[in-house]
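Secondary and tertiary structure notes
Now for the letters of each chain:
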Amino acid sequence: MGRDKVIKPDNTAVRTALWRALHVQTDAKPHILEDEIGFKLIAPDDDWQERPDMKYTKRLRASIVARSRFIEDIAKGQIEKGVKQYVLLGAGLDSFAQRNTAISSYVDIYEIDQPDTLTWKEEKLIENGYKIPGNLHFVPVDFEISSWWDELLNKGFNVEQRAFVSCIGVTLYLTKEAITDTLKKMTLLAPGSTIAMAFYLPLELLDEEDKPLMEMSIKGAAASGTPFVSFFSVEEIIKLAEKVGLKEIQTISTKDMTEKYFKNRTDNLLPASGEFFLVAKTL
């Protein structure tokens, strides 16, 4: 009794950050994303590359770096067009703010995630010599009991100003009702705001070689108490986006990612099928 609770980041956030570092350390150049900051914060054991979730998941690693690069490309494009607010819903150990200081200083960045993950991250950034600038806002949200939208507004987010909102690695863990509610909240953004949200295809729509890995992931997630809840077909998401009132709706598939980032590689690095993106604007 009375012992201080150990604050730790979410396992998924750690795994994702390690995959990004593993890409830099083991895959051939050119790297799709250069990001070892999360790795520095985690400071894993020397044998971390031997973890089963590192060793046997090359295609997942490729998907993770591709989606991070894809989101960052949109964010940079939006900032260049004058958008002054960037919201990362499910920020994890993302390090856009630390790696892109020249452009990130022009924009208010709101990182939304679970309280423990953000508390740990802020402490580790400071320990590792990273300053927390005034335009980087950590928005801790217990998604079970409070509204990310209310917490975002409480941190000074300006609903009258255009924004870019990214949401990756989140929808898998939310009910379809919660996802619909999240999209509805996004329609409250200033007109001309952009959203990019990742979704996962049902098992039967995956490439054959990715099915066993996804089955293992589903079992592992359930065993660790964070079960996968929601899968969608592309058609379902387009319908949902139309229904809530988004416009300029696009979906980006794994095939599109392959074409965009993986051409002419020497190491046969290719992303797993299964994840796709909704990119849309608000009216």
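Note that the structure is predicted; figures quoted are calculated from it, not measured.

Our next topic: helix H11 (residues 234-244). Taken as a whole, H11 has its buried residues at Ile-237, Leu-240, Ala-241 and Val-244. The buried side chains of H11 occupy one side of the element, clustering within an arc of 100 degrees when seen end-on. Exposed and facing more than 90 degrees away from the buried side of H11 are Glu-235, Lys-239, Glu-242 and Lys-243. Of the surrounding elements, those touching the buried residues of H11 are helix H9 (176-186), strand S5 (194-200), strand S6 (247-252) and strand S7 (275-281). Following H11 by one or two positions, Gly-245 has its phi on the positive side, about 105 degrees.

Turning our attention to the pairing of S7. The side chains of a regular strand alternate, first on one face of the sheet and then on the other. Across the 7 residues that make up S7, a large majority, 7, are buried. Across 7 bridges, the pairing between S5 and S7 is antiparallel. The residue bridging Met-197 from the neighbouring strand is Leu-278, located in S7. Pairing of S6 with S7 involves 4 bridges; the strand directions are antiparallel. Bridging across to S7, Thr-251 finds its partner in Leu-278.

Cut-offs applied
- Residues numbered from 1 in each chain as written.
- Predicted model: local features only at pLDDT ≥ 70, side-chain atom pairs only at ≥ 80, totals over all residues.
- Heavy atoms only, no water.
- Buried < 20%, exposed > 50% of the residue type's maximum accessible area, 1.4 Å probe, protein only.
- Helix = DSSP H or I, 4+ residues; strand = E, 2+ residues; numbered from the N terminus.
- Arc of directions from axis to C-beta.
- Contact = heavy atoms within 4.5 Å.
- Pairing = 2+ DSSP bridges.

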